[in-house]
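Here is how the chains run, residue by residue.
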Amino acid sequence: MLVLIIEDDKRLARLIADVLEEEHIRVEVSHDGNEGLEMAMSGKYDVAVIDWMLPGRDGPSICRKLRSAHIATALLILTARGQVEDRVAGLDSGADDYLVKPFSFDELLARLRALSRRNLPAGSDNWELRIGHIVMDLKAHTMRRGEKAIDLSRTEWDLLEYLLRNSGQTLPRQNILEYIWSNDSAVKPELVDVYISYLRKKLNVPGLPDPLQTVRGVGYRLDGENA
């Protein structure tokens, strides 16, 4: 899961990021409303956690802009405003959920998991991401293909999760690069090919076909029928 945090309280943003990263959730952070909107418009995030009051542009305005652009990212508003009319205003702006400060990190994690489950492919069950013979347990952080348990590095895990969530779609190398290595501008597109080869070797199970398809000149696709 890739989460964007748009929160101008740098201490709180760092605390949230630390908690999420301990749960193997990848995080990017912005402390400004305009910058956060620009980042969210990429559409690459599974969930965006957005503070109501922000410099540059407030949370509801960000939500409205994202929804008018048909960005499918799940949106969670954070605010100190707890009145019913405020919750209604936040949800009417396009947010999927609303969390009042102060909040427990356990509740935040539960809400993020619930929002993420809405975007799981058909056939997924709770925290299982399942396509064909490939099963990822997103909570236990285990993965298998058929009866074979497979150990993945952090990067291999993120790559496979991205491919599974977009099963059947051709993902350009640049999209994969930006999703997996978004914080490292020095990474070259060729690294995508390297990690696809690593993943292909690990997914090799006797009697099962190769689920990873190379689309020449474009990128890669996970074929659900061969998974």
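The structure displayed is predicted, hence computed values, not measured ones.

Asker: Explain the UniProt feature "modified residue: 4-aspartylphosphate" (unreviewed entry) in the protein chain to me, using residue names and the numbers behind them.
Answerer: Those residues carrying the UniProt feature "modified residue: 4-aspartylphosphate" (unreviewed entry) are Asp-51 in this numbering. The buried category is assigned to Asp-51, whose relative accessible area is 5%. Those residues within four positions of Asp-51 in sequence are excluded, and the remaining contacts are Ile-6, Glu-7, Asp-8, Gly-59, Leu-78, Thr-79 and Lys-101.

Asker: So what's going on with the nonpolar core? Which residues, and what values?
Answerer: Grouped together as the largest cluster of nonpolar side chains are 48 residues, with contacts concentrated most on Met-143, Leu-160 and Leu-222. Looking at this core, the element that brings in the most residues is helix H6 (residues 154-165), giving 6 residues. Here this core spans two domains, and each of domain 1 (2-117) and domain 2 (128-222) adds at least three residues to it. Setting aside anything within four residues of it in sequence, one finds Met-143 in contact with Ile-134, Val-135, Met-136, Lys-148, Ala-149, Ile-150, Leu-152, Trp-157, Leu-160 and Leu-203. If you look at the next biggest cluster of nonpolar residues, it comprises 22 residues, including Ile-16, Val-19, Leu-20 and Leu-99.

Asker: Break down the side chain of Asp-97 for me, citing the residues and quoting the values.
Answerer: Looking at the secondary structure, you find Asp-97 in strand S5 (residues 97-100). According to the relative accessible area criterion, Asp-97 is buried, its value standing at 17%. A polar atom in the side chain of Asp-97 sits 2.7 Å from the side chain of Arg-111.

What counts as what
Residues numbered from 1 in each chain as written. Predicted model: local features only at pLDDT ≥ 70, side-chain atom pairs only at ≥ 80, totals over all residues. Heavy atoms only, no water. UniProt positions renumbered as here; feature names shortened; annotations may be inferred. Buried < 20%, exposed > 50% of the residue type's maximum accessible area, 1.4 Å probe, protein only. Contact = heavy atoms within 4.5 Å. Core = buried A, V, L, I, M, F, W, Y, C linked by side-chain atoms within 4.5 Å. Helix = DSSP H or I, 4+ residues; strand = E, 2+ residues; numbered from the N terminus. Domains from an automatic or database assignment. Polar contact = N/O pair within 3.5 Å; in protein donor to acceptor, adjacent residues only side chain to side chain.

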